[in-house]
Amino acid sequence: MSPPMTDPIVTRFAPSPTGLLHVGNVRTALVCWLAARASGGRFLLRLDDTDTERGSPEFAAAIEQDLRWLGLDWDGFARQSDRTDRYRAAQDRLKAAGRLYPCYETAEELELKRKSLLARGLPPLYDRAALALTDADRARLEAEGHRPHWRFKMADAPIEWDDKVRGRVHFNGRDISDPVLVREDGRALYHIGSVVDDIDMGITLVVRGEDHVANTAMHIQLAEALGAAPPAYAHTSLIADAEGHGLSKRLGSLSLRSLREQGIEPMAVTSLLAKLGTSDPVEPRLSLDQLVAEFDFAKFSRTIPRFDPAELERLNGRILHEMPYAAVRDRLAALGLGAVDESAWAVLRPNLQRLEDAVDWWRVVTGPVTPVVADAALLSAAAELLPPEPWGDATWGEWTAAVRERTGVKGKPLFLTLRLALTGRDHGPELRGLLPRIGRERSLARLSGRVA
Ligand code: GLU
């Protein structure tokens, strides 16, 4: 592996366990992981599970399983639901600094305000009416049974950062609506959890989708208000589908789980997603180490990359064609193909699009195969010329040379006729490799048109 390209990066992947991982957030996880590994740093998995109405333990478990299947290991694990004390301490600090203030508007009132601003062509920023409330106003509202939600007071100041993908980004605090950090029921929302965790866990780089860019402007002020230097940021472009539409419409069919069930190899997913939106060509890679060695934020562009399932399929086949036996031995055994040894694997793999295809092709060896008899006379001459066993790699060449000499049939008419009889199909793995495995007895039967 090449030497670390930067200081060791500490980063995190912070999914909300509200669904299965899909190609969009898998890409974020992969880019985080690659950045950490390429720098000799650390990669943490953090579940943003404060949104307990939608989050579920099943999705949390599925996220961990899916990351393991991809080979993305983590050096630390946390869930936000275990860290509410920390978020409360941060709230106290922000209140003491005058940056967190109570608001009593109902959702309906806020919606009316928003609509009226939009109708006047103004940005829908919260008007900070709650800041004008007196102690007496608040006491009355509380006595009437109103519970406050709490907003972070954005400072009227420029916010800038050098994004590792987007370059220099500029915002001004005055253009960002004061975000709600704490709900009426006292629960801390994503923003405070995310910023507090990033500080506590020593995160030096946040990688996430560009839908979070405006959040980042706010998170930078929030981190500073909590006395911390904000981390570096990399906002990756969102992925579009093959037609250029947003991916979200088809997320279900592009969950990692469904790709895996369709027989897609983890390295096909990572080979594609590591290079999507970068200047590197997409090529089959057999190990994550290779992707780590090739990783560099300088290769990422802001253009919206397209994810084409057909490209993933092609990559899957190319990866299987190069897959070493040691990497598939156990999986072959699990498919009932314990008899496929290293040399048999070399015969089968050029024909695989998915590993499961090996089951079908191995049945061509073990039978039963229903032969297709295209030229009975030719097959009968071929059967007579079958040499005695033992057979090896040279058998096919010697035998077909003898058949050609006896019958005068050569080239495609000869080979296709033999293939149709021996395998029942017009294409497949090389007969040179298949024949010794089919063996003399089954070959003789199939050349005579018998199912064997
Ligand atoms: N839970 C957030 C998400 O899934 C995390 C964003 C972040 O990385 O801070 O979008």
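Please read these numbers as outputs of a predicted model, since none were measured by experiment. (Residues numbered from 1 in each chain as written. Predicted model: local features only at pLDDT ≥ 70, side-chain atom pairs only at ≥ 80, totals over all residues. Heavy atoms only, no water.)

For the site of the ligand, give the residues involved together with the corresponding values.
Taken together, Arg-12, Ala-14, Ser-16, Asp-48, Tyr-190, Ser-194, Arg-208 and His-212 make up all the residues around the ligand. If the ligand stood free it would expose 300 Å²; the protein chains cover 78% of that surface. Considered class by class, the residues forming the shell around the ligand number two nonpolar, three polar and three charged. (Near = heavy atom within 4 Å. Areas by Shrake-Rupley, 256 points an atom, 1.4 Å probe, with all protein chains shown as cover. Nonpolar A, V, L, I, M, F, W, Y, C, P; charged D, E, K, R; others polar.)

Run through the packing of aromatic side chains, naming residues and quoting values.
Across all of its chains, the model carries seven aromatic pairs by this definition. The interplanar angle of 75 degrees and the centroid separation of 5.0 Å between the aromatic rings of Phe-295 and Phe-297 together place this pair among those described as edge-to-face. The buried category is assigned to Phe-295, whose relative accessible area is 6%. For Phe-297, a relative accessible area of 7% corresponds to the buried category. With a centroid separation of 5.9 Å and 40 degrees between ring planes, the pair formed by Trp-396 and Phe-415 is classed as tilted. One end of the pair, Trp-396, is in helix 16 (residues 395–407); the other, Phe-415, is in helix 17 (residues 411–423), and 19 residues separate them in sequence. An aromatic cluster is built from Trp-161, Phe-171 and Tyr-233, whose rings are joined through pairwise contacts. If you follow Lys-95 out to its NZ or CZ, it ends over the ring of Trp-150, 4.0 Å from the centre. (Phe/Tyr/Trp six-rings, centres within 6.5 Å; stacked < 30°, edge-to-face > 60°. Buried < 20%, exposed > 50% of the residue type's maximum accessible area, 1.4 Å probe, protein only. Helix = DSSP H or I, 4+ residues; strand = E, 2+ residues; numbered from the N terminus. Lys NZ or Arg CZ within 6 Å of the ring centre and 35° of its normal.)

Got a sec to walk through the pairing of strand 7 (residues 167–172)? Specific residues and values, please.
In the sheet, strand 6 (residues 158–163) pairs with strand 7 via six bridges, with the strands oriented antiparallel. Bridge pairing in strand 7 links Asp-163 to Gly-167. Between strand 6 and the antiparallel strand that follows it, strand 7, lie three residues. (Pairing = 2+ DSSP bridges.)

Tell me about the side chain of Ser-258, residues and numbers included.
Mapped onto the elements, Ser-258 comes out in helix 8 (residues 256–261). On the accessibility criterion, Ser-258 (14% relative accessible area) is buried. In this structure the side chain of Ser-258 is engaged in a polar contact, spanning 2.9 Å, whose partner is the backbone oxygen of Ser-255. (Polar contact = N/O pair within 3.5 Å; in protein donor to acceptor, adjacent residues only side chain to side chain.)

Give a detailed account of the sheet that holds strand 8 (residues 180–182), specifying residues and quantitative values.
Spatially, 4-5-8 is the arrangement adopted by the three strands of the open sheet, whose pairing is antiparallel. The open sheet terminates on both sides in strands that have one partner only, identified here as strand 4 (100–103) and strand 8. When the angles between neighbouring strand axes are averaged without regard to direction, this sheet yields 45 degrees. Sheet topology note: the strand 5 (residues 149–152)/strand 8 ladder contains two bridges and is antiparallel. Looking across to strand 8, one finds that Arg-151 is bridged to Val-180. (Axes fitted to C-alpha atoms, helices over the stretch in contact; angles between N-to-C directions.)

So what's going on with the nonpolar core? Which residues, and what values?
Phe-297 and Trp-399 are the most contacted members of the largest nonpolar core, which has 86 residues in total. Top element by residues in this core is helix 1 (residues 23–38). It accounts for 11 residues. Residue contacts for Trp-399: discarding those within four places in its chain leaves Ala-382, Leu-385, Leu-386, Pro-387, Leu-418, Leu-422, Leu-435 and Leu-447. Counting residues in each nonpolar core, the second largest holds 30 residues, with Val-10, Ala-90, Ala-217 and Ala-225 among its members. (Core = buried A, V, L, I, M, F, W, Y, C linked by side-chain atoms within 4.5 Å. Contact = heavy atoms within 4.5 Å.)

A description of the packing of helix 3 (residues 84–96) against helix 6 (residues 190–200) should follow, citing residues and the corresponding values.
Here helix 3 crosses helix 6 at 100 degrees, and the two axes come no closer than 10 Å. When the axis of helix 3 is compared with that of helix 6, the two are roughly perpendicular. Contacts between helix 3 and helix 6 involve Arg-86, Tyr-87, Ala-90, Gln-91 and Leu-94 from the former and Ile-192, Gly-193, Val-196, Asp-197 and Asp-200 from the latter. Split by residue class, the contact of helix 3 with helix 6 holds five nonpolar, two polar and three charged. (Parallel < 35°, antiparallel > 145°, perpendicular 65-115°, else oblique.)

Give me the lowdown on the pairing of strand 3 (residues 76–79), citing residues and values where you can.
Residue alternation in strand 3 divides its side chains into a buried set, Gly-76 and Ala-78, and an unburied set, Phe-77 and Arg-79. Note: strand 2 (residues 42–47) against strand 3, four bridges, orientation parallel. Opposite Leu-44, over in strand 3, you have Gly-76 as the bridge partner.

I'd love a proper account of the environment of Arg-187, names of residues and values included.
With respect to the helices and strands, the residue Arg-187 is situated in the loop between strand 8 and helix 6. On the basis of relative accessible area, Arg-187 is assigned to the partly exposed category, the value being 24%. In this structure the C-alpha to C-alpha distance between Arg-187 and Ala-155, which are 32 residues apart in sequence, comes to 24 Å.

Lay out the packing of helix 15 (residues 376–385) against helix 17 in plain terms, naming residues and giving numbers.
Two quantities define a packed helix pair, namely the angle between the helix axes and the distance between the axes. Where helix 15 contacts helix 17, the axes come no closer than 10 Å and their chain directions differ by 80 degrees. Taken together, the axes of helix 15 and helix 17 are roughly perpendicular relative to one another. Of helix 17, the residues touching helix 15 (which contributes Leu-378, Leu-379 and Ala-382) are Pro-413, Leu-414, Thr-417, Leu-418 and Ala-421.

Give a description of the environment of Arg-363 that names residues and reports values.
Inspection of the secondary structure puts Arg-363 in helix 14 (residues 357–366). Looking at Arg-363, the relative accessible area reads 42%, which means it is partly exposed. Distance in space between the C-alpha atoms of Arg-363 and Ile-438 is 9.8 Å, their sequence separation being 75 residues.

How would you summarise helix 15 if you had to cite specific residues and measurements?
Buried residues of helix 15: Leu-378, Leu-379, Ala-381, Ala-382 and Ala-383, and no others. Contact partners of the buried residues in helix 15: helix 16, helix 17 and helix 18 (431–447).

Break down unusual backbone geometry for me, with residues and values.
Note: most peptide bonds trans; most residues except glycine with negative phi. A cis amide bond links Gly-367 to the next residue, Pro-368, at an omega of 0 degrees. The step from Glu-389 to Pro-390 runs through a cis peptide bond, and the omega angle for that step is 5 degrees. Residue position: Pro-390 is located in the loop between helix 15 and helix 16.

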